[in-house]
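# Coordinate inspection notes
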Amino acid sequence: FTYNPSNSAVSVYTLPSGIYPDGFSVSNNIVYGGANSSSTITLFEYNLSSSSYTSLTSFIAPVTNVTEPKPDNIQVYNGVIYGIINPGLGSIPFTYNIANNSLSSLTQYENAGVSDFLIYNNSIYAVASDGLHQCDLSFSCTQNVSSTYQIYDSVITVDSDLNTIFGITNGGVYEFIPYIP
């Protein structure tokens, strides 16, 4: 659905039967999403202007010991869909280039499940059970917040006016000011 606060208008959109998104992002009036059926992940786009659904690709999630992996977080940046399949003990980041229809499934994080990520200033910032990681756009990561901070599996957000990323630790709200060369 969409909601316009200026006039309180609500619009409801219907996806095809069997498509239940686990994560989505909106860019240029198109919803990009990921849905799960058994162990098959489907990436799709839904054009809000024309109410048209297009399946972009489907793939078997490369996980073990998980019956229903979900693409929990979907973001679109520079024509690429970024997502995390979060099966619990480990997370599998993936990218999908919309223009050339190419999927890259990356290495599974065995010991630290990624609960959320955001893309800011050409970097990915990922919250995992062992800390906040700054990654390049291929999810090659380094840890930037000391592991002495217990970061809860929760969302993070950015205030671009302050150039600061905010999240939650066992001591309250933390802030992380990324280095920008």
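Since this is a predicted model, take the numbers as computed values, not measurements.

### Considerations on the side chain of Thr42
Along the polypeptide, Thr42 turns up in strand 5 (residues 40–47). The class of Thr42 is buried, set by a relative accessible area of 14%. A polar side-chain atom of Thr42 sits 3.1 Å from a polar atom in the side chain of Ser58. Not counting chain neighbours up to four residues away, the residues in contact with Thr42 comprise Gly33, Gly34, Ala35, Tyr53, Ser55, Thr57 and Ser58.

### Concerning the sheet that holds strand 7 (residues 71–77)
Strand order in the open sheet formed by four strands is 7-8-9-10, and the pairing between neighbours is antiparallel. Two strands lie at the open edges of the sheet, namely strand 7 and strand 10 (102–105), each paired on one side alone. Ignoring strand direction, the axes of neighbouring strands in this sheet form an average angle of 15°. The pairing of strand 8 (residues 80–85) with strand 9 (residues 92–97) spans six bridges and is classified as antiparallel. Each residue of the ladder has a partner; that of Val80, found in strand 9, is Asn97.

### Concerning unusual backbone geometry
Of note, the phi angle at Asn29 is positive, near 65°, even though the residue is not glycine. Relative to the helices and strands, Asn29 is located in the loop between strand 3 (21–27) and strand 4 (30–37). The exposure class assigned to Asn29 is partly exposed, which follows from its relative accessible area of 37%.

### A word on the side chain of Asn73
Here Asn73 lies in strand 7. Within the structure, the side chain of Asn73 is placed 3.5 Å from the side chain of Gln75, a separation counted as a polar contact. Each residue touching Asn73, except ones within four places of it in the same chain, is listed here: Tyr82, Gly83, Ile84, Asp116 and Phe117.

### Side note on the confidence of the model for the chain
This prediction gives the chain a mean pLDDT of 77; 72% of its residues lie at or above 70. At the low end of the mean pLDDT range in the chain sits strand 17 (residues 172–176), at 61; at the high end sits strand 5, at 90.

Thresholds, definitions, all that
Residues numbered from 1 in each chain as written. Predicted model: local features only at pLDDT ≥ 70, side-chain atom pairs only at ≥ 80, totals over all residues. Heavy atoms only, no water. Helix = DSSP H or I, 4+ residues; strand = E, 2+ residues; numbered from the N terminus. Buried < 20%, exposed > 50% of the residue type's maximum accessible area, 1.4 Å probe, protein only. Polar contact = N/O pair within 3.5 Å; in protein donor to acceptor, adjacent residues only side chain to side chain. Contact = heavy atoms within 4.5 Å. Pairing = 2+ DSSP bridges. Axes fitted to C-alpha atoms, helices over the stretch in contact; angles between N-to-C directions. pLDDT = per-residue confidence, 0-100.

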